[in-house]
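Analysis of the macromolecular model
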Amino acid sequence: MLNSAMLQKKFAVLLCAVVSLATMNSQAQKLKVKYLSQPLISSIYTADPSAHVFNGKIYIYPSHDINAGIPENDNGDHFAMRDYHILSIDRVGGPVTDHGIGLDIKNIPWAGRQLWAPDAACKNGTYYLYFPVKDKNDIFRIGVATSKNPAGPFKAQPKPIAGSFSIDPAVFTDTDGSTYMYFGGIWGGQLQRWATGKYDANGSKTDLMHDDEPALSCKVAKLKGNMLEFDGKVKDVIVVDQAGKPLLTKDHNRRFFEGSWMHKYKGKYYFTYSTGDTHLLAYAIGNNPWGPFVYKGVFMNPVQGWTTHHSIIEFKGKWYIFYHDTQLSGKTYLRNVKVTELQHNADDSIKLINTYTELK
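I will try to describe carefully the structure that is included in this document. Since the structure is predicted, the reported quantities are computational estimates derived from the model, not experimental observations.

Quick notes on the rules
Residues numbered from 1 in each chain as written. Predicted model: local features only at pLDDT ≥ 70, side-chain atom pairs only at ≥ 80, totals over all residues. Heavy atoms only, no water. Helix = DSSP H or I, 4+ residues; strand = E, 2+ residues; numbered from the N terminus. Rg over C-alpha atoms; globule rule 2.2 N^0.38 Å. Buried < 20%, exposed > 50% of the residue type's maximum accessible area, 1.4 Å probe, protein only. Areas by Shrake-Rupley, 256 points an atom, 1.4 Å probe, with all protein chains shown as cover. Polar contact = N/O pair within 3.5 Å; in protein donor to acceptor, adjacent residues only side chain to side chain. Contact = heavy atoms within 4.5 Å. Pairing = 2+ DSSP bridges. Axes fitted to C-alpha atoms, helices over the stretch in contact; angles between N-to-C directions. Core = buried A, V, L, I, M, F, W, Y, C linked by side-chain atoms within 4.5 Å. Salt bridge = Lys/Arg side-chain N within 4 Å of Asp/Glu carboxyl O. Phe/Tyr/Trp six-rings, centres within 6.5 Å; stacked < 30°, edge-to-face > 60°. Lys NZ or Arg CZ within 6 Å of the ring centre and 35° of its normal.

In terms of helices and strands, the protein carries 1 helix and 23 strands. Scaling as 2.2 N^0.38, a compact globule of 360 residues should have a C-alpha radius of gyration of about 21 Å, and the protein matches this with 21 Å. Along the three orthogonal principal directions, the C-alpha set of the protein runs to about 75 × 50 × 45 Å. Per-residue burial for the protein yields a buried fraction of 52% across its 360 residues. For the protein, the accessible surface area stands at approximately 16,900 Å², while carbon and sulfur atoms represent 52% of it.

With that out of the way, let us pick up the side chain of Asp77. Note that Asp77 resides in the loop between strand S3 (57-65) and strand S4 (83-89). Within the local environment of Asp77, its side chain forms a polar contact with the side chain of Arg113, the two groups lying 3.3 Å apart. Setting aside residues no more than four positions away along its own chain, Asp77 makes contact with Ile70, Arg113, Gln114 and Lys134.

We now examine the sheet that holds S3. Taken in spatial order, the 4 strands line up as S2-S3-S4-S5 in an open sheet, and their pairing is antiparallel. Each edge of the open sheet carries a strand with a single partner, namely strand S2 (45-54) and strand S5 (96-104). Within this sheet the neighbouring strands show an average axis-to-axis angle of 25°, counted without direction. Direction of pairing for S3 relative to S4: antiparallel, over a ladder of 3 bridges.

Moving on, we come to the nonpolar core. With 55 residues, the main nonpolar core has Tyr130, Tyr182, Phe271 and Phe299 as its most contacted residues. Looking at this core element by element, the count peaks at 5 residues for strand S18 (residues 281-286). Residues within four places of Phe271 in sequence aside, it is in contact with Tyr182, Cys218, Val237, Val239, Phe256, Ser260, Trp261, Met262, Ala282, Tyr283, Ala284 and Phe293. Tyr59, Ile108, Ala111 and Tyr333 belong to the second largest nonpolar core, which has 27 residues in total.

This brings us to the pairing of S5. Judged from the 6 bridges that link them, S4 and S5 form a sheet pairing that is antiparallel. Opposite Ile89, over in S5, you have Val96 as the bridge partner. Connecting the antiparallel pair S4 and S5 is a turn made up of 6 residues, with Gly93 showing a positive phi of about 95°.

Turning next to the pattern of salt bridges. Applying the stated criterion across every chain yields a total of 14 salt bridges. With a closest N to O distance of 2.9 Å, Asp174 and Lys264 form a salt bridge. Taken together, the positions of Asp174 in the loop between strand S11 (170-173) and strand S12 (179-183) and Lys264 in strand S16 (residues 258-265) put the pair 90 residues apart, joining distant regions of the chain. Judged by relative accessible area, Asp174 falls into the buried class, the value being 8%. For the salt bridge of Asp251 with Arg254, the shortest nitrogen-to-oxygen distance reads 2.6 Å. Where salt bridges share partners, they join Asp48, Asp65 and Arg335 into one cluster.

In spatial order, the strands read S15-S19-S18-S17-S16; together these 5 strands make up an open sheet with mixed pairing. Of all the strands in the sheet, just strand S15 (239-240) and S16 have a single pairing partner and so form its edges. In this sheet, strand S19 (residues 293-300) lies alongside S18 in antiparallel orientation, the contact comprising 5 bridges. Across the sheet, residue Ile285 finds its bridge partner in S19, namely Val294.

Along the chain, Gly152 connects to Pro153 via a cis peptide bond; the corresponding omega equals 5°. Residue position: Pro153 is located in the loop between strand S9 (140-147) and strand S10 (155-156). Within the chain, His279 stands out as a residue other than glycine whose phi angle is a positive 65°. Turning to its location among the elements, His279 is positioned in the loop between strand S17 (268-274) and S18.

With that out of the way, let us pick up the packing of aromatic side chains. Following the criterion strictly, the structure yields 25 aromatic pairs and no others. Ring geometry for Tyr265 versus Trp319: centroids 6.0 Å apart, planes at 80°, classification edge-to-face. In this pair, Tyr265 is assigned in strand S16 and Trp319 in strand S21 (residues 318-325), connecting sequence segments 54 residues apart. Of the two residues, Tyr265 and Trp319, both sit in the buried class. Aromatic ring contacts, followed pair by pair, group Phe165, Phe183, Trp194, Tyr199 and Phe230 into a single cluster. The ring of Trp290 has Lys235 sitting right over it, with the charged end atom 4.5 Å from the ring centre. A cation over an aromatic ring shows up here: Arg254 above the ring of Tyr295, its NZ or CZ 5.3 Å from the ring centre.

So, about the environment of Val237. Looking at the element boundaries, Val237 is found in strand S14 (residues 235-237). Judged by its relative accessible area of 2%, Val237 falls in the buried class. With 14 residues separating them along the chain, Val237 and Asp251 place their C-alpha atoms 16 Å apart. Among residues more than four places away in sequence, those in contact with Val237 are Tyr182, Ser217, Cys218, Lys219, Val220, Phe271 and Phe293.

Written out as structure tokens, the structure is:
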């Protein structure tokens, strides 16, 4: 048992820690920040921007952040989005059009809560909006909604995509017309609860908890021609180091966490993703859309705010990255989407991006 002196000592240590934290927060608030770019829209909070070029215009499919009044936690319950607003721009740096609500959770028959980061695709004049949302059993599945207009409104299919799970769908159509979906996220994204192929409600809240074993992988599945179903089995997206060995669970600066994307440059496939709790955007390069992908490095340092989520497009001869930070609110769950140029170096690496600098 602890005696009075020991209790007083522990209390003093705790008090010092609290005072130190308060001082750090106070100092952080006094810092002036210079941002690389400005929010695309300020009338609503937006995050996780998936950008695509349709009909010569850039359409952006972001999450719609709201203040749901839910305490923050590592499971992400405070990210309680309920609808999607679709944005568009005719040129980077030009005015942004908010096309209003493209899909509402109340119009998804099987949905329960938390309408997280979406993506979109187009085929034969039909536009497809892919979205993760928890079903009525609180399990993340991926659904799809369709429209004849890239700005929506979209009508959801009556059921989620068979065999889908977790979060962050990213849909890539290759030059041969084949389409693939990359998806998954650990922690609140529940990927770690599917380790056996079946959902384990009592599984880990973070990862597989085996630091010296290969990290959990993003998932990839080919889509059928109807864009509504998986064509074959879901496979692992393997990221390896320069020696060809899979990245390990403990390698938080390099391993996959969430927010994957795929783009093709000079015949190579660039698999990009967020490292999550270390707040980096990393990339790995492969020779085909299935992988394996060889880890190459970090191409975006942490943004202001906890989360990092992006998309990459080519538009009028230049490459751009869409991302988010917390410039408008200063709160991790009320974010704003941004865009800046992305540059491939002469050796096909990606130039490192710093989204802000602190000015004392």
